[in-house]
Amino acid sequence: MMRARSDGSQKTRLISSLCVVAIVLGLLYFLLGPEGSQSGGANALRKIGSTYLGGEEDVDATESTTGQEDVDDNVAPKSYPVCDDRYSELIPCLNRDLIYQLRLKLDLSVMEHYERHCPPPERRFNCLIPPPAGYKVPIKWPKSRDEVWKANIPHTHLAKEKSDQNWMVVKGEKIVFPGGGTHFHYGADKYIASLANMLNFTKSNLNNEGRLRTVLDVGCGVASFGGYLLSSDILAMSLAPNDVHQNQIQFALERGIPAYLGILGTKRLPYPSRSFELAHCSRCRIDWLQRDGILLLELDRLLRPGGYFAYSSPEAYAQDEENLKIWKEMSALVERMCWRIASKMNQTVIWQKPLTNDCYREREPGTQPPLCRSDDDPDAVWGVPMEACITPYSEHDHNAKGSGLAPWPERAITPPPRLADFGYSKDTFEKDTAKWQKRVENYWNLLSSKIKSNTLRNVMDMKANIGSFGVALRDKDVWVMNVVPEDGPNTLKLVYDRGLIGSIHSWCEAYSTYPRTYDLLHAWQVFSDITKKGCSAEDLLLEMDRMLRPTGFAIIRDKQSVVDHIKKYLPALHWETVAVSDTNSDSDQDGDEVVFIIQKKMWLTSESLRDDE
């Protein structure tokens, strides 16, 4: 009898266990969806039970909304879930996990997998990106050029991998940047001076008395080249992908150096034609001969008349058979592109682009690469494939024999020649410059109780128009990423002509940057614009929160109704109001706009705090 009861109890326990397993599996299916934890959707990313520390109240992640469909014009979420800690460095449109989940068929040989691929609406991350364990307010500029907190970017593999090249060194709680690079182990400053000497520029200064202002550094590493150019009044767009050398751009931005996540792959870079005086590649490991030289031709599109390409790589000096072959083929290609060698010394060659169309017209018929079609717009860049063709100058630019730009700093306030492309007059240009000067002065007055001279460093103007907001900040120790919408007038070329930098973007999508990389976001009519396009204001708020550093600020300049709507989201985002002002206070003509300034609070998750402890 006892044995029979034992068998029966075992069966009972077995059945009970199976029921429990079935219930758990059912709950997992309900929470994670039919694709399980690989779905990438918002539900899969919630950190159930995680709470905020540092806000006014603890927030239960399970009470949050999951998307825009749950929020109407009159209801806003009381809280948002916290993304899982593994997403603390999430870049939604450069997320390789998403590529695998969506089973995208991409050509790895042309780096297509490092280009932007944004999640569909049902896979967007409707959660707050948590800071890493032990996160601290970043070290202030200019000290940050040389050191950052290790806890903010807890990745040290580059220090080991590039230990012989002085990229970065781990010292206690900090990561230190000695200023070295693959081809300038002894310092970027000495390397920059050598480039200036190669070009016979005055006083060994690469800025050439203000005539060389904007630079594109391709494959920039941790951006020490761009960081050391700043002392010469040269502004570099440091460019690198989120590849096997992960976090290069994250380090650059943490240091306070202008940088952008991008790749020379299949699409044009998000910059207009004739944006840079100099392109630079120091051992950037790019196959410039691939696909009929299409990547070099993209640089050609981006260089101004008479612009330079500085190339430091074994192909320029090594005498082994393979490198000699590459050098011979590359030399032949650039010669057909009408580039000439401006200087060649030791490990570096500097080519120069022609000032006019004369060389193109003298080429033999059928010479490759061909000239681009007459109907090709060299300034169309958003999602536009690269083409293996040479962009000739317009007849006006050919006759001008150069860009016609004033030297820096006069360039910032001098009407550029391309102003006429938009039908803007000199008077319109000057009024816009003066208007934004007053607006920025008002912003600083409103922020005066919250900021010191070194509080802000990385600034983004989310709708830059002709760049007057950025110009108004030229005397402050900040740099500005000027963003121009992809579907409006392509005024970004005027921004570059004024000696500033920026990119084309659609705010219906996430920006190509790491979380926590900007101190100040300026959104002038951005919310009104995306709402007209049917895009989500809530998604944009979450994206702004992702980009903002803890304790960072956002200046929202928009209609009163837009500001009232945004205010409803402040508790869920853990933002607090700094100032609200009507535009009469800055003597503005746009009286229907309101200036709304917020600050993002510093917060950690309970999990992050436990990890830190």
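Residues numbered from 1 in each chain as written. Predicted model: local features only at pLDDT ≥ 70, side-chain atom pairs only at ≥ 80, totals over all residues. Heavy atoms only, no water.

An unreviewed UniProt entry lists the protein under the name Methyltransferase, from Kalanchoe fedtschenkoi. The Sequence similarities (unreviewed entry) comment attached to the protein in UniProt states, word for word, "Belongs to the methyltransferase superfamily." (UniProt positions renumbered as here; feature names shortened; annotations may be inferred.)

Undergrad: Tell me what's going on with the overall build of the protein, and back it up with residues and numbers.
TA: For the protein, the helix and strand inventory stands at 19 helices and 19 strands. Sorting the 613 residues of the protein into buried and exposed places 58% on the buried side. Within the protein, counting contacts between residues at least 6 apart in sequence, those at least 24 apart form 71% of the total. (Helix = DSSP H or I, 4+ residues; strand = E, 2+ residues; numbered from the N terminus. Buried < 20%, exposed > 50% of the residue type's maximum accessible area, 1.4 Å probe, protein only. Contact = heavy atoms within 4.5 Å.)

Undergrad: Quick one: what's the story with the sheet that holds strand 17 (residues 575-582), residue by residue and with numbers?
TA: Within the open sheet, the seven strands sit side by side as 14-13-12-15-16-18-17. Their pairing is mixed. What marks the edges here is a single partner per strand, and that holds for strand 14 (501-505) and strand 17. Strand-to-strand twist across the sheet, computed as the mean angle between neighbouring axes with direction ignored, equals 20°. Where strand 12 (residues 458-461) lies against strand 13 (residues 479-485), four bridges are found, and the strand directions are parallel. If you follow Asn458 over to strand 13, its bridge partner there is Trp479. Where helix 16 (residues 537-547) meets the sheet, its contacts fall on strand 12, strand 15 (518-524), strand 16 (548-559), strand 17 and strand 18 (593-600), and the angle it forms with strand 16 comes to roughly 145°. (Pairing = 2+ DSSP bridges. Axes fitted to C-alpha atoms, helices over the stretch in contact; angles between N-to-C directions.)

Undergrad: Requested: an account of the packing of helix 8 (residues 290-302) against helix 9 (residues 321-336), with residues and values cited.
TA: Where helix 8 contacts helix 9, the axes come no closer than 11 Å and their chain directions differ by 60°. It follows from the interaxial angle that helix 8 and helix 9 lie oblique. Both helix 8 and helix 9 take part in a crossing whose hand is right-handed. Residues Asp292, Gly293 and Leu296 of helix 8 pack against Met330, Leu333 and Val334 of helix 9. The class makeup of the residues in the contact of helix 8 with helix 9 is four nonpolar, one polar and one charged. (Parallel < 35°, antiparallel > 145°, perpendicular 65-115°, else oblique. Left-handed = near helix turned anticlockwise from the far one by under 90°. Nonpolar A, V, L, I, M, F, W, Y, C, P; charged D, E, K, R; others polar.)

Undergrad: Tell me about the packing of aromatic side chains, and name the residues and values.
TA: If you walk through the whole model with that rule in mind, you get 23 aromatic pairs. Grouping aromatic residues by their ring pairs yields a cluster made of Tyr260, Tyr271, Phe276, Tyr496, Trp507 and Tyr511. If you follow Lys136 out to its NZ or CZ, it ends over the ring of Trp149, 3.9 Å from the centre. When the ring centre of Trp524 is taken as reference, the NZ or CZ atom of Lys463 above it lies at 4.9 Å. (Phe/Tyr/Trp six-rings, centres within 6.5 Å; stacked < 30°, edge-to-face > 60°. Lys NZ or Arg CZ within 6 Å of the ring centre and 35° of its normal.)

Undergrad: For the state of the cysteines, give the residues involved together with the corresponding values.
TA: One pass over the structure, following the stated rule, counts six disulfides. There is a disulfide in this structure between Cys338 and Cys359, and the S-S distance comes to 2.1 Å. Because the sign of the S-S torsion sets the handedness, a value of about -85° for the bond joining Cys338 and Cys359 places this disulfide among the left-handed ones. Taken as a pair, Cys338 in the loop between helix 9 and strand 10 (340-345) and Cys359 in helix 10 (residues 358-362) lie far apart in primary sequence, 21 residues in all. By relative accessible area, Cys338 is classed as buried at 8%. The disulfide bridge from Cys372 ends at Cys389, spanning 2.0 Å between sulfur atoms. Measuring the twist about the S-S bond at about 90°, one finds the Cys372-Cys389 disulfide to be right-handed. Note that Cys372 is positioned in the loop between helix 10 and helix 11 (395-400) and Cys389 in the loop between helix 10 and helix 11, a separation of 17 residues in sequence. An identical accessibility class is assigned to Cys372 and Cys389; each is buried. When the cysteines engaged in disulfides are numbered in sequence order, the protein pairs them as 1-4, 2-3, 5-6, 7-8, 9-10, 11-12. (Disulfide = S-S within 2.5 Å.)

Undergrad: Got a sec to walk through the nonpolar core? Specific residues and values, please.
TA: Residues Trp288 and Phe309 are the most contacted members of the largest nonpolar core, which totals 99 residues. Residue contacts for Trp288: discarding those within four places in its chain leaves Leu264, Cys281, Gly293, Leu295, Leu296, Leu299, Phe309, Tyr311, Met330 and Leu333. (Core = buried A, V, L, I, M, F, W, Y, C linked by side-chain atoms within 4.5 Å.)

Undergrad: I'd like a rundown of the pattern of salt bridges, residues and numbers included.
TA: What the rule picks out here adds up to 30 salt bridges. A salt bridge links Glu147 to Lys143; the shortest N-O distance between them is 3.7 Å. It is possible to trace a salt-bridge network through shared partners that takes in Glu277, Arg304, Arg411, Arg418 and Asp497. (Salt bridge = Lys/Arg side-chain N within 4 Å of Asp/Glu carboxyl O.)

Undergrad: I'd like to hear about the sheet that holds strand 3 (residues 169-171), residue by residue, with values.
TA: The three strands lie next to each other as 2-4-3, forming an open sheet whose pairing is antiparallel. With partners counted over all chains shown, the strands left at the sheet margins are strand 2 (147-149) and strand 3, one partner each. Pairwise comparison of adjacent strand axes, ignoring direction, gives a mean angle of 30° for this sheet.

Undergrad: Can you explain helix 5 (residues 188-198)? Please cite residues and give values.
TA: Ala188, Tyr191, Ile192, Leu195, Ala196 and Met198 are the residues of helix 5 that are buried. Projected down its long axis, helix 5 shows its buried positions confined to an angular sector of 160°, all on one face. Those residues of helix 5 hidden inside the fold are in contact with helix 6 (224-229), strand 8 (276-282), strand 9 (303-312), strand 10 and strand 11 (348-352). (Arc of directions from axis to C-beta.)

Undergrad: Explain empty space enclosed by the protein to me, using residue names and the numbers behind them.
TA: Counting across every chain of the model gives five cavities of 30 Å³ or more. Reported here for the largest cavity is a volume of approximately 90 Å³. Along the wall of the largest cavity there are 13 residues; nearest its centre are Leu94, Asn95, His113, Tyr114 and Glu115. Of the residues belonging to the lining of the largest cavity, the class tally is six nonpolar, five polar and two charged. Of the volumes computed, that of the second largest cavity is approximately 70 Å³. Lining the second largest cavity we find 14 residues, and of these Ile139, Lys140, Arg457, Asp519 and Arg549 sit closest to its centre. (1 Å grid on protein atoms, 1.4 Å probe; cavity = no way out; pocket = protein on both sides within 12 Å on 5 of 7 lines; lining within 4 Å. Points joined across faces, edges and corners; volume = space filled by probe spheres on them.)

Undergrad: Any details on unusual backbone geometry? Residues and values, ideally.
TA: Here the bond from Trp141 into Pro142 is cis, since omega is 5°, no more than 30 degrees from zero. If you trace the backbone, Pro142 turns up in the loop between helix 3 (96-102) and strand 2. Even without a glycine there, the phi angle at Arg103 is positive, about 55°. Along the polypeptide, Arg103 turns up in the loop between helix 3 and strand 2. Arg103 gets classed as exposed once you look at its relative accessible area, which sits at 67%. Although it is not a glycine, Gln525 sits at a positive phi angle of roughly 60°.

Undergrad: Provide a residue-level description of the pairing of strand 5 (residues 214-218), including the pertinent values.
TA: Counting buried positions along strand 5 gives five out of five residues, so the element sits mostly inside the fold. Taken together, strand 5, helix 6 and strand 6 (residues 235-240) constitute a β-α-β crossover, and its handedness is right-handed. (Right-handed = clockwise from strand over helix to strand, strands pointing away.)

Undergrad: Describe the side chain of Asp379, and please don't skip the residues or the numbers.
TA: Looking at the element boundaries, Asp379 is found in the loop between helix 10 and helix 11. The buried category is assigned to Asp379, whose relative accessible area is 9%. A polar contact of 3.0 Å, which involves the side chain of Asp379, links it to the side chain of Lys493. Setting aside anything within four residues of it in sequence, one finds Asp379 in contact with Pro272, Ser273, Arg418, Asn490 and Lys493. (Polar contact = N/O pair within 3.5 Å; in protein donor to acceptor, adjacent residues only side chain to side chain.)

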